[in-house]
Amino acid sequence: MDVDELLNYQPDKPQPSKRSVPNSTLPTTTVAKRAKKSTDFAPFSANGAATGSNIASLSTDEKEKLLEMLENESNNEPLDETSLKRMISQLEKRILKNQEMRIKHPDHPEKFMESEMELNDGIQELHQVAAQPDLYHIIINMNGVQLLLGLLTHENTDISIAVVNLLQELTDVDTLTESGEQATLLIDALAEQQIVSLLVQNMDRLDENIKEEAEGIHNSLGIIITIYLTLIHCLFLHLAVVENMTEFRPVTCIDACKQGLLQYLLKRLKIKSPFDSIRLYCSELLSILLQNHDENRQTLGELDGIDILLQQLAYYKRHDPQTSEEYEYMENLFSCLCSALIFANNRQKFLKGEGPHLMNIMLKEKKASRNGALRTLNFAMTGSEGKDNCQKIVDILGLRTIFPLFMKPPKGNRKAGETRAENEEHSISCVASLLRNCTGSNRQRVLMKFTENDHEKVDRLMELHFRYLERVRTTDNEIEKERRTLQNYDDDEQDQEDEIYMKRLDAGLFTLQLLDYILVEIASATNIPSIKQRILQILNLRNGTTKEIKNIVREYASNLGNKNTEEKEREIEKEHLLELIEKF
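Residues numbered from 1 in each chain as written. Predicted model: local features only at pLDDT ≥ 70, side-chain atom pairs only at ≥ 80, totals over all residues. Heavy atoms only, no water.

Student: With reference to specific residues and values, describe the overall build of the protein.
Tutor: Helix and strand content of the protein: 32 helices and zero strands. Burial analysis of the protein (584 residues in total) assigns 47% to the buried set. (Helix = DSSP H or I, 4+ residues; strand = E, 2+ residues; numbered from the N terminus. Buried < 20%, exposed > 50% of the residue type's maximum accessible area, 1.4 Å probe, protein only.)

Written out as structure tokens, the structure reads:
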């Protein structure tokens, strides 16, 4: 077959898949267009056939290029197990060849550059696998994962970025969702090889000022997020099918932090630069790492993470986010801070970092950060560990900002899914914490707030008490009806009681308990008898009784504390509540 015959030859083309496919599987007309664009000649007619006049005008080099193009096209077949195994074997050989050439000619890049280009071509060929995730097991069984992850530390960052781009496509969320078991196999293999540590090391050496390397960082963070979200999803699926957890061994968020991810994220956030997508990714991933993991929260505090988060949020005390993505970034930072404050020791670090002062400024400025600041203060002031933060709030005149929010909670932000009711609950919790933790003259200043403007704050308390009481009563009636309907239903009694209590909490029981705790606390102030008189007066007007309030506070005392609360502390608080009930 001569050149003219080869140029007229058109092989059968496989149907393109739904996902992106390599150039070799595109229709001939598409290849012709690309050839025209790159070589400035058009050997094909409108129907894709080679014309004699065009062929005659081609130079020898151009004919050779076209011949090579068509040979490659005719040799490309649909990807199957055999061809994938061949690709992986070739990749391994190219890796070894590149290593050998680099060792032989370390000071002559031109001598190992050809092997590096072949290596890059081998990586690009594997992009085809993303369109056929059912072949992922071949990559795993032939140690393809180890080969690819080993290239993340390659001296040439272009090679490592090419691997990151490949991994990003292989771990695409849509692909993983469709592939089921194959996705689990790939994610497990990547996690076992400590991909997080390797990606962090690679990101550390990339320069964000170079476009390609910045994209590499962006894709690396995307891979990490995908891996851990998929692990969480797979964990829930596994729990539904298999009871024995030892059969499923996901790498946890704690392991990720041990591999240096938390330290890298904090270092990246600390860099002074305008908002970008990488910052958003970092904040999102940090939020995931801090959810439900006290070890990570402790590590964050030890790495001065509380200070770093406060520094990043300080910009928003007088500025609003400019885009929806930046707003999401700000909310992620607040979520990270709230999660970190669940760990008791971090509340002291929050105080040392002037956290109460910053949150108070945000509340006064009434910017987009206002709701996040209120939520953060709630976490910072809770429990005995929040005592110093409560005292600080009073010292910096924070009562002037918190009580107006108690009287009229700010609207929630639709972008963040916040509601006025949530802000109302946060403000109530802050007031309860102030009464519980403030001592001496600061406590007196808090109590005096309830006498201002003819006891308007007591009136507000009673209004909220009756509103939440009605909601809880309605839920109690519904529960009672369900009990009558299902009275013969055989189930664990303890589970039923826990479920019922959770329903009541969802209906507002916890907020009602805080409100009634505030009522009995301020009524116990013997030096301000007018507060108790106002409470009793409103109860009489609304046909309410002190017995209702006492029962609610008593129930609150019986369920006081959590797994992090020490037994001694719980008993002291319980005795205090029972004493308040007796005085009321």
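Once you've had a look at it, read on.
Student: Summarise the pattern of salt bridges; cite the residues concerned and give the values.
Tutor: Should their charged atoms come close, side chains of opposite charge can pair. Enumeration over the complete set of coordinates arrives at 24 salt bridges. Across the pair Glu365 and Arg318 runs a salt bridge, and its minimum N-O distance is 3.5 Å. Pair noted here: Glu365 is in helix H21 (residues 355-365) and Arg318 is in the loop between helix H18 (305-314) and helix H19 (324-341), with a separation of 47 residues, a long-range link. For Glu365, a relative accessible area of 32% puts it in the partly exposed group. With a closest N to O distance of 3.6 Å, Glu331 and Arg375 form a salt bridge. Residue Glu331 is located in helix H19, and its partner Arg375 is located in helix H22 (residues 370-381); the two are separated by 44 residues in the primary sequence. For Arg375, a relative accessible area of 16% translates into the label buried. Put simply, Glu424, Arg460, Glu463 and Arg467 are held in one network by salt bridges that share partners. (Salt bridge = Lys/Arg side-chain N within 4 Å of Asp/Glu carboxyl O.)

Student: Can you tell me about the nonpolar core, naming the residues and giving the values?
Tutor: Among the nonpolar cores identified, the biggest contains 137 residues, and Leu286, Met359, Leu434, Phe450, Ile518, Ile522 and Ile535 are the most heavily contacted of them. In terms of residues, this core owes the most to one element, helix H29 (residues 509-523), which gives ten residues. Setting aside residues no more than four positions away along its own chain, Leu434 makes contact with Met381, Cys390, Ile393, Val394, Leu399, Ile402 and Val446. (Core = buried A, V, L, I, M, F, W, Y, C linked by side-chain atoms within 4.5 Å. Contact = heavy atoms within 4.5 Å.)

Student: Break down a positive patch on the surface for me, citing the residues and quoting the values.
Tutor: On the surface, a cluster of positive charge is contributed by Lys408, Lys411, Arg414 and Arg420. Mapped onto the elements, Lys411 comes out in the loop between helix H24 (399-407) and helix H25 (420-437). (Patch = residues over 30% accessible without salt bridge, like charges linked within 9 Å, V, L, I, M, F, W, Y side chains within 5 Å. Areas by Shrake-Rupley, 256 points an atom, 1.4 Å probe, with all protein chains shown as cover. Lys, Arg positive; Asp, Glu negative; His and termini not counted. Charge placed at Lys NZ, Arg CZ, Asp CG, Glu CD.)

Student: Can you explain the environment of Met462? Please cite residues and give values.
Tutor: Its location among the elements puts Met462 in helix H27 (residues 452-485). Along the sequence, Met462 and Leu519 sit 57 residues apart, while their C-alpha atoms lie 8.4 Å from each other. Ignoring anything within four residues of it in the chain, the contact list for Met462 reads Leu519, Ile535, Ile538 and Leu539.

Student: Describe the packing of H21 against H22, and please don't skip the residues or the numbers.
Tutor: Each packed pair of helices is defined by two parameters, the angle between the axes and the distance between the axes. H22 packs onto H21 with a crossing angle of 140° between their chain directions and a minimal axis gap of 8 Å. One element, H21, and the other, H22, form an angle in the oblique class. H22 is crossed by H21, and the crossing has left-handed handedness. On H22, the residues that touch Pro356, Met359, Met362 and Leu363 of H21 are Arg370, Ala373, Leu374, Thr376 and Leu377. When the residues that make up the contact of H21 with H22 are grouped by side-chain class, the tally is seven nonpolar, one polar and one charged. (Axes fitted to C-alpha atoms, helices over the stretch in contact; angles between N-to-C directions. Parallel < 35°, antiparallel > 145°, perpendicular 65-115°, else oblique. Left-handed = near helix turned anticlockwise from the far one by under 90°. Nonpolar A, V, L, I, M, F, W, Y, C, P; charged D, E, K, R; others polar.)

Student: Talk me through the confidence of the model for the protein; I want residue IDs and the actual numbers.
Tutor: For the protein, per-residue confidence averages 79 on the pLDDT scale, and 77% of positions sit at 70 or higher. Per-element averaging of pLDDT across the protein places helix H2 (residues 28-39) at the bottom with 35 and helix H23 (residues 387-395) at the top with 96. Taken together, the stretch residues 9-53 has pLDDT below 50 and engages in 58 contacts with residues farther than four places along the chain or on a different chain. Predicted confidence for residues 232-251 stays below pLDDT 50, and this span has 17 contacts to residues more than four positions away or in other chains. (pLDDT = per-residue confidence, 0-100.)

Student: Account for the environment of Gln259, naming residues and giving values.
Tutor: Within the element layout of this structure, Gln259 appears in the loop between helix H14 (253-258) and helix H15 (261-270). Overall, the relative accessible area of 14% leaves Gln259 in the buried class. Residues Gln259 and Leu199, 60 residues apart in the sequence, show an inter-C-alpha distance of 9.9 Å.

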